[in-house]
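# Overview (structure and organization)
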Amino acid sequence: MTRWDLLYGSAVVAAAPFAFGTWLCSPRLRASLKARRTHLPPELPAGKRAWIHGASVGEILSAGPVLEALSALDCDAVLSCNTPTGIEAARKSFPGMPMFAMPLDFSRPVARAFDRVKPTVLVLLELEVWPQLLAEATRREVPVLCVNARITERSFRRYRRLKPLFAGSFSRIARFLPQGEEHAARLRALGVPAGRIQIIPNLKGAAESPARPDWIPDGDPVLVAGSTHPGEEAVVLDAWQALPGWRLVLAPRHPQRFEEVAGLLEARGIPFARHSSPVPGAWRVLLLDTMGDLKAAYAAAALAFVGGSLAPVGGHNVLEPAAAGVPVVVGPHTDHVGGDVRQLEGSGGLRRIRDAAGLRDAALARSQASRSPPPAANPGLGTLREALEACLRAP
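In what follows, the accompanying structure is described.

So, how was this worked out
Residues numbered from 1 in each chain as written. Predicted model: local features only at pLDDT ≥ 70, side-chain atom pairs only at ≥ 80, totals over all residues. Heavy atoms only, no water. Pairing = 2+ DSSP bridges. Helix = DSSP H or I, 4+ residues; strand = E, 2+ residues; numbered from the N terminus. Contact = heavy atoms within 4.5 Å. Axes fitted to C-alpha atoms, helices over the stretch in contact; angles between N-to-C directions. Polar contact = N/O pair within 3.5 Å; in protein donor to acceptor, adjacent residues only side chain to side chain. Buried < 20%, exposed > 50% of the residue type's maximum accessible area, 1.4 Å probe, protein only. Phe/Tyr/Trp six-rings, centres within 6.5 Å; stacked < 30°, edge-to-face > 60°. Lys NZ or Arg CZ within 6 Å of the ring centre and 35° of its normal.

## Describing the sheet that holds strand β8 (residues 247–252)
What the 7 strands build is an open sheet, ordered β9-β10-β8-β7-β11-β12-β13; its pairing is parallel. Here the strands that pair on one side only, and so sit at the sheet edges, are β9 (273–274) and β13 (350–352). Seen against the sheet, helix α11 (residues 232–240) touches β7 (222–228), β8, β10 (285–287) and β11 (303–306) and runs at an angle of roughly 175° to β8.

Right under this line is the structure:
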């Protein structure tokens, strides 16, 4: 038993009286914990293999460029994720890829996962610092690469307060590829040597964009509202109702809100189709109540509103619609994706709004405009491949 086992065990005992109600009332939390406790990774033969881990849907869906680089290096891959929704999205986006729920960060489950997966390299998407996972990788001499590393200001303050606890974990990561200088600066402030940090452009959206899906008809302009949070759907609907001739695709961020948003549409008397059911061609509003299909919807969009930005969440992936040549609209709350927002804003590919009128005006401005060309190939892809190659060569 390790000190982290003792710390985790003590935390579970201390929090149990307060957390039980949350656990009881949250089917999503119960499903996630059950999967992480009971679902074993697949038993894989020895060979050159990358274990790629991401926290949830957003991180997992950004694994495409990593998988492409690994394929070019003739390296197998297996995916892990913390949440059932992430696993569902991974199965849809990467069919046939071995995947499993990330075990809880206790020493025995983590060691069992390494025994079964037998990785040559461990790749963390964005930043998932699990001390036992990293310690086991070090014990087995498996190099660790953190791709698209991102530390929000809130996470930075937390890591800085707990620096004595996490310093050893950060030291076990061989190389960091952060999304920009602000994230690199936070890593340096946490004690990561500058020589182990190499800045790359954000890899989200770097993979090839899909073709226009057949479930979105040609002809009418389409407003896609992706990764929306409570309160944002009402604003989007207010804007859409002032846009005659436009279709609307509504994609809530979390699947547990699908029914809530359906109820909002019904309460407003707005007919709508569900993507989870056979989609009629005559729909004007489509509720995207499935996982892993937002990227395809962006391919058909005339304008994309990216949620978590009118609600004070901090924003979500703005590069995915931009990679499809779609102009992007966001609200004022973009702390989590500030660098990407500034980059797109500077190139004229993004507009900030504050309310339904702003979204309506942005859509009207795009009605007669031509589609923007997709951005050039992401120069970070070469750096990513070099970093993976170096890790695979490590003794």
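## Focus: the environment of T152
Relative to the assigned elements, T152 resides in the loop between β5 (144–149) and α8 (153–161). When the C-alpha positions of T152 and E182 are compared, they lie 9.2 Å apart, and in sequence the two are 30 residues distant. With near-sequence residues (within four places) excluded, T152 lies in contact with R186 and H336. A distance of 3.1 Å separates a polar atom in the side chain of T152 from a polar atom in the side chain of S155.

## Describing unusual backbone geometry
In this structure, D74 takes a positive phi of about 55° despite not being glycine. D74 sits in the exposed class, given a relative accessible area of 64%. Positive phi, close to 60°, is recorded for N148, a residue that is not glycine. With respect to the helices and strands, the residue N148 is situated in strand β5. For N148, a relative accessible area of 3% puts it in the buried group.

## Considering the sheet that holds β5
Read across the sheet, 6 strands follow the order β3-β2-β1-β4-β5-β6 without closing on themselves; strand pairing throughout is parallel. In this open sheet, the two strands that pair with only one neighbour each are β3 (99–101) and β6 (175–178). Going across the sheet, the axis of each strand differs from the next one's by a mean of 20°, ignoring polarity. With 6 bridges connecting them, strand β1 (residues 49–54) and strand β2 (residues 76–81) associate as parallel partners.

## Side note on the packing of aromatic side chains
The tally for this structure, following the rule as stated, stands at 5 aromatic pairs. With a centroid separation of 5.5 Å and an interplanar angle of 55°, the aromatic rings of W51 and F100 are classed as tilted. Here W51, found in strand β1, pairs with F100, found in strand β3; they are 49 residues apart in sequence, far enough to count as distant. When sorted by exposure, W51 lands in the same class as F100, which is buried. Through a chain of ring-to-ring contacts, three or more aromatic side chains come together here, namely Y159, F166, F170 and F176. Between R158 and the ring centre of Y159, over which it is positioned, the NZ or CZ distance is 5.8 Å. The ring of W283 is capped by R247, whose NZ or CZ atom sits 5.1 Å from the centre of that ring.

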